[in-house]
Amino acid sequence: MCFLFICRKPLGLQDLNAHLEKLLSEGETPEENQPVEGRLGPQPVVLDHTSGFEGLLFVDDDLLGVIGHSNFSSIRATTCVYKGKWAYEVLISSQGLMQIGWCTLNCRFNQENQGETTQTYQFNNKDQSLCSTCRNGQSLGTAFTNIKMGPGVAYFPAISLSFKESVAFNFGSRPLRYPSWYLPLQDPPTADLMKAHKLLGYIKNVLSTSIDTEEEKLVEKDCAVWKLHGDPTVLVTVAHIFNHFAPLMCKVYLVEDVLMNFLLGILEGGGSVDEHPLIQQLLDLFWLLMEDHEVNECLKLLMMSLLRAYRFSPIIPDLGFQIHYLRLTTAILRHERSRKYLLNNVLYPSVFVFFYIKTPLRVKEAGLEELIPTTWWPTHFDKERLPEAEEEDRRSDFLGCKVLASLVSSSVVEELQVQILRLLLNNKDKTTGEASRYIFLNKFRKFLQENASNRGHPTALCPPEYMVCFLHRLITAIRTSWDEGSRKCPDAYVPPQLFYNGKVDYFDLQRLGGLLSHLKKTLKDDLASKANVIIDPAEIQTTSMDDLDEDEEIGAAQRPLGAAAIGGALARPSWLSSPTLGRANRFLSTAAVSLMTPRRPLSQPEKVKVRTLAVEQRTEDDIEGSHGNDGLLLGRPLEEPDKPIADKSLLEIIDGIVMMYNLSVHQQLGKMVVVADEVHEYAVALKDTEEKIARCPARRSDIMEELQKSQKVFAEKLNHLSRRLAWINATIYSKEKMLDVYWLLCVCIRTIEHADGTGSLFAFTPEFYLNVAMNAYSALKNYFSPSNSMEELPGYEDTLTQLATILAKHFADPRIVGTDIKDSLMQALASYVCYPQSLRAVERIPEEQRVAMMRNLLAPYEQRPWAQTNWILVRLWRGCGFGYRYTRLPHLLKTKPEDANLPSLQKPCPSLLLQRHMAELLRMDKDMAASFLNSVLNQLNWAFSEFIGMIQEIQQAAERPERNFVDTRQLKVCATCFDLSVSLLRVLEMTVTLVPDIFLDWSRPSAELLLRRLAQLLNQVLNRVTAEKNLFDRVVNLRLPGLESVDHYPILVAVTGILVNVLLFLSPCRTSRAASVLLSDPCFQLHSIQHLLGEPGDSSRPLRKSFFLPTDTDYISEEEKQKVEVMLAFLTEESKQAAASTPTSEEDLCPICYAHSISAIFKPCSHKSCKACINQHLMNSKDCFFCKATITGVEDYNKTESW
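Residues numbered from 1 in each chain as written. Predicted model: local features only at pLDDT ≥ 70, side-chain atom pairs only at ≥ 80, totals over all residues. Heavy atoms only, no water.

**Student:** Looking at this structure, I do not really get the pattern of salt bridges. What am I missing?
**Tutor:** As a working rule, side chains carrying opposite charge can pair if their charged atoms are close by. A complete count under the given rule lists 25 salt bridges for this structure. Residue E989 pairs with R986 through a salt bridge whose shortest N-O separation is 2.7 Å. Here the residue E989 and the residue R986 both occupy positions in helix 34 (residues 968–994), the gap between them amounting to 3 residues, near one helical turn. Accessibility classification places E989 together with R986 in one group, the buried group. Overlapping salt bridges, with partners in common, bring together D756, K809, D813 and R815 in one network. (Salt bridge = Lys/Arg side-chain N within 4 Å of Asp/Glu carboxyl O. Helix = DSSP H or I, 4+ residues; strand = E, 2+ residues; numbered from the N terminus. Buried < 20%, exposed > 50% of the residue type's maximum accessible area, 1.4 Å probe, protein only.)

**Student:** Teacher, can you tell me more about the packing of helix 26 (residues 767–782) against helix 28 (residues 819–832) here?
**Tutor:** Helix-helix packing is described using two parameters, namely the angle between the two axes and the distance between the axes. Helix 28 packs onto helix 26 with a crossing angle of 25° between their chain directions and a minimal axis gap of 11 Å. The orientation of helix 26 relative to helix 28 falls into the category roughly parallel. As for the relative orientation of helix 26 and helix 28, their crossing is left-handed in sense. Mapping the contact onto sequence places E767, L770, N771, M774 and Y777 in helix 26 and I821, S824, L825, A828 and Y832 in helix 28. Here the contact of helix 26 with helix 28 is composed, by residue class, of 7 nonpolar, 2 polar and 1 charged. (Axes fitted to C-alpha atoms, helices over the stretch in contact; angles between N-to-C directions. Parallel < 35°, antiparallel > 145°, perpendicular 65-115°, else oblique. Left-handed = near helix turned anticlockwise from the far one by under 90°. Contact = heavy atoms within 4.5 Å. Nonpolar A, V, L, I, M, F, W, Y, C, P; charged D, E, K, R; others polar.)

**Student:** Got a minute to help me understand unusual backbone geometry in this structure?
**Tutor:** Excluding glycine, most residues fall at negative phi; most peptide bonds, likewise, are trans. A cis amide bond, omega 5°, links Q43 with the succeeding residue P44. For the bond running from K1163 to P1164, omega is 10°, close enough to zero to count as cis. Looking at the element boundaries, P1164 is found in the loop between strand 21 (1160–1163) and strand 22 (1168–1169). Residue F72 is not a glycine yet carries a positive backbone phi of 55°. Even without being glycine, K1188 reaches a positive phi, approximately 65°.

**Student:** Any chance you could explain helix 8 (residues 336–345) here in plain terms?
**Tutor:** Along an α-helix, residues three or four positions apart point the same way, because every turn accommodates 3.6 residues. Of all the positions in helix 8, only S338, R339, K340, Y341, L342 and L343 are classed as buried. Residues of helix 8 that are buried sit in contact with helix 5 (278–289), helix 6 (292–311), helix 7 (320–333), helix 9 (347–350), helix 13 (412–424) and helix 14 (436–453).

**Student:** Looking at this structure, I do not really get the environment of S166. What am I missing?
**Tutor:** Checked against the element boundaries, S166 lands in strand 13 (residues 166–170). A C-alpha to C-alpha distance of 8.9 Å links S166 and Q95, two positions 71 residues apart in sequence.

**Student:** Before we go on, may I ask you to explain the sheet that holds strand 22 in this structure?
**Tutor:** Ordered in space as 22-21-23, the 3 strands form an open sheet in which the pairing is antiparallel. Each edge of the open sheet carries a strand with a single partner, namely strand 22 and strand 23 (1193–1196). (Pairing = 2+ DSSP bridges.)

Below, the structure is given as structure tokens:
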């Protein structure tokens, strides 16, 4: 028997490198990038940005991503195929129109060149000439067959896409997401893949091995418990392996296919991220054993691969795929040095992708059909179904939505997203330099600056749907940090000193008081006295605006381009600015300010000079403060309480949250409501179709078939949209998200209240705080699901009252100068008084502020926007006026209903309290009452005259024999003038009802003039509207789109309400006086009053049935109708008595109006007229009608006394 024994030479550290090279060389394949039959072109394959394009496009730095910047711009790849089976993938990140496929070299791009938009595009010329497409790995069938082949014919991957659409190509530079037996256009790095897998396995084996020094042998252990500061032999061994491994980790294919999958495998065992320390140990090794440029590139590629994988993961209810990638991201960001590098160089603005939970476009792929098998919508209608069955559907739908909401809102995804933010907001990790929070803050602020300056520039903005999700997670993280670090200041707000102490740059955003430069100059004394802030005049004088212009030009020339551009050399600018507003703000933001903080009253105040730094130049001390420096809180006004805040950096982050909501989040929340609107529209269409089916005769089977097809289409679309809406309600409009927006509203309210307490310094507050307060309330009220009631929010009524106080106080605040923000405040207040709950909040504000609000509303209408003011007064009266209880006009009841949420369609909710304040003000302040009513009468005269002029033009256009189209804008203006006339009449009705003395107590200087002007306008309106075969009737009967609100009812009942209150229920003396003025007006016609009741004036005049007061008690009550009858009888009798009385001699009539007797004589010229004419004339001129002499006085004239 023979025994063989082979002795192997022991392996030493000096031989390790050679041994590794030998192991890696085993199984090597021939040299890569050899020519492959069927493919022509360079490797790697990229988009041809030099010659293969048409139109304007933005191409990413890697030449694989592209964004369209003109209508149907096109581009092709650098490599073509002519034989074989080839494929490439396209990651589609937008939902608009695009065409993707293959093209030849001679192709001229247009909208018909490419194939349909899908995700994977395959070219097969082995068995037959065809092109097929796949979506998310599922074949969509063959797109083209029998495509042209032969000598000189080859096909390039190509795309045409419309404006703002974006995609990313993968020709093989990364592992294909859905690999098949088709070859990618770019060869995979096969040899490097084999080496990377081997080396990673070696690293894992070494980390799983330890040396038992006592028994001198190797023992296995769990690699998860390996420590960096362990056995030096193991570390040296790993260092040799990393000599070969590190260069490979700078290639994206290897990072994504090898490293990322390996790290994901570590976490597949479940448990928290903390239970897998191996990832932290590996990152320690990376930083220890790799060159800085290698580890930087590796981390960048790894994070971008994770972002891409997360973004394009399919949606399922439990979001399992997203959790997979978020766990690894969290594990990487737990490593301090890696986190800071990524924050500084990679994450902004890409990090927003990790916080986005996209809405599934196809409910089948998202599994929503299983979660919500039965859908229901509020207008669901089926006559043959029992109410119990429909209620069962509603319960089933509600239960499915609730299960979905619990899966999404309580899922690990949002917890992991918040955990990521908590890591980025860590302010204790200072061992390796600046804390993460301050890096995050500076990057966040820079991001806001770019988005604020580039509003409307699509390539620079982060997608708003990403910002919505990021905002919610950031609010959650900030609220937790605030609760932990600011226990002595539980209610978060932004102190007012941030707005003027120069520590926070607000770019070119507008302040409430106007330009920052203007505020610094005009309020410098207030800054010194109230906040101890002194502007250094020497610093301001050293720089002129001309110098700044030169600096701007130099800066623009030196500013690097942000990305490669095509077709016009457009780049992605990092910011845009207003040439005047932006420069002025930046000019003063860099001016030096001195801050005095008198801590010891008896000693000389200590002056601290500070200069506002650029965002990226700030340090922790500039934010948090140190050694007597208050940081962000420098310059605290005397009115502001001194509340210690542990982490002042949180204040600036909260300020950034408010700014972000204003930039795009609110607008995006409104866009998501479109799905709910679509559900409503399809539900109405389905209901109409089912009603038509019920009415369809049995003999018309053809019509029945078409109706049933429509019914099926509408039902399928409704089921799809209802499930999508359930997903949106769970992710965007959930109770938790509603609480976030409510928290933001409360922050803005408290910030505004604190800023308002600083007096004139309130003007420094950025406008967006008021905008966000108004928009957040609007979002809570209109956007969130009806199942999430606002009344359930904590402290809701108090918050409503606080917001009402802000609106009531600041809509006429002289410290606010911006026209847009003043209009927004006015519109918000107008909407506020339309709803009972918010109107009650207005009534709860302090009486002094209520009276001040009403005084501002009653200011003269000239020289200010008055339409919204008038609308507010009308809403306070609606429900009390004559026939003024409607929400929709009688003639519109049979038309399609408008949006029931519109403020104008809310049920009447008058405020008797505010009416009482108005009456007291008008009664006590005679001058204000006269100026207010004169302005109302002036505007009524203008509005009604404009309306009559416009309907004359409309009637003339309608009567022309040739076909004419009336401008829709003209129709809209015409309807607006009519609505304004009606609202002004309603305000006059309210005034006459509440304070009749203004018109009828002639001891008041302006009473007679106001009454005569009122009578004149009322008679003009009645004559225009009630005359037989008049212009008004003809235009109303045309029923033109846009003039739906123009009808007899609204304007006639408003006039009737004024007449009833002037002519009835007063003392006989005043009633007679009012009737006399009305009858003496030359335009008065009794048949106009008779027209209201449909009564003929005399036997010769036929009865007109076109209009009379409706008998429906919802509009005109029986009591109101009786009042009109009494008024008509009274006027008829007064008219007879006036006709029987001795007529006034012509020479005794006023030479101006010839309607009233002469009752006034002018001084010194002694010319005469009636009081009404001279009083109205003196409102505009002091010259005599006749001789143009200056009138120094007007005295009563009595003909008898003059004799």
